[in-house]
Amino acid sequence: GGSTGGGGGGRPGPRASSGPGGRGRARAQMRAGERAGALETYRQLAEQKPDWPQAPKALWQCAIQQDPEPPVAAAAARYLGLARRYPKADEGWRAYQNAGVIYFRLGNYRAAADTWREMAGKAELPAFTRPVAYYWLGRALLAQGDRAAAEQAWQSAEQAAPESYYGLRAAAWRTGREREAMDG
């Protein structure tokens, strides 16, 4: 692999090709309009150094740069890859959530439900993510026409954190007061 130029005291510059400096290179590529090159640099960083503490952030940058509007399934797959590889990183739960939302917006409610079900069951994720996952799991199940399963998911969200934002939203949806909790 390439060298970032010396010991750990210097700031990585845009010429660095691997390790922490590669992130600077990827940013410089984005500023220069070299989007494809930047995405490849971020991906290579994480692949070459999966134990590097910034690897989840590099993959996160890659995923958000490929999260177009309107959404596409490939972006959801990138987010899921990040979430599954680095569930303990802060980007892990966010990646699960983004993947689920993309699938939901695409109308792929089964993939959305599978994503949120996996997120809810992932012990490595922070506890505050459970009501988020269960709320959205309920929304995906309802969109598939399974009101009973949706209500069970919303009840799980309420039980996980009854006074939280998502616990309250789940309660509203479970009791037929969806308009009070619309997502905008």
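Residues numbered from 1 in each chain as written. Predicted model: local features only at pLDDT ≥ 70, side-chain atom pairs only at ≥ 80, totals over all residues. Heavy atoms only, no water.

Remarks on the packing of helix H5 (residues 90-106) against helix H6 (residues 109-121)
Close contact between H5 and H6 brings their axes to 7 Å; oriented N to C, the two are set at 160 degrees. The orientation of H5 with respect to H6, classified from their angle, is roughly antiparallel. Every pair of crossing elements has a handedness; the one defined by H5 and H6 is left-handed. Seen from H5, the contacting residues are Trp93, Tyr96, Gln97, Ala99, Gly100, Val101, Tyr103 and Phe104; seen from H6, they are Tyr109, Ala111, Ala112, Thr115, Trp116, Glu118 and Met119. Split by residue class, the contact of H5 with H6 holds eleven nonpolar, three polar and one charged. (Axes fitted to C-alpha atoms, helices over the stretch in contact; angles between N-to-C directions. Helix = DSSP H or I, 4+ residues; strand = E, 2+ residues; numbered from the N terminus. Parallel < 35°, antiparallel > 145°, perpendicular 65-115°, else oblique. Left-handed = near helix turned anticlockwise from the far one by under 90°. Contact = heavy atoms within 4.5 Å. Nonpolar A, V, L, I, M, F, W, Y, C, P; charged D, E, K, R; others polar.)

A short note on the confidence of the model for the protein chain
With 85% of its residues at a pLDDT of 70 or more, the protein chain shows a mean pLDDT of 83. Predicted confidence is poor over residues 1-19, with pLDDT under 50, and the contacts of this stretch with residues over four places away or in other chains come to 25 contacts. (pLDDT = per-residue confidence, 0-100.)

Section: the nonpolar core
Tyr79, Trp116, Met119, Tyr135, Trp136 and Leu141 are the most contacted members of the largest nonpolar core, which has 50 residues in total. Residue assignment for this core shows that the elements contributing at least two residues are helix H2 (35-48), helix H3 (55-65), helix H4 (73-85), H5, H6, helix H7 (129-143), helix H8 (147-160) and helix H9 (165-174). (Core = buried A, V, L, I, M, F, W, Y, C linked by side-chain atoms within 4.5 Å. Buried < 20%, exposed > 50% of the residue type's maximum accessible area, 1.4 Å probe, protein only.)

A short note on the pattern of salt bridges
Where side chains of opposite charge bring their charged atoms close, a pairing between them can arise. A complete count under the given rule lists nine salt bridges for this structure. Between glutamate 47 and arginine 85 there is a salt bridge; the shortest N-O distance is 3.0 Å. With glutamate 47 in helix H2 and arginine 85 in helix H4, this residue pair connects regions lying 38 residues apart in the sequence. Glutamate 47 gets classed as partly exposed once you look at its relative accessible area, which sits at 42%. The partly exposed category is assigned to arginine 85, whose relative accessible area is 35%. (Salt bridge = Lys/Arg side-chain N within 4 Å of Asp/Glu carboxyl O.)

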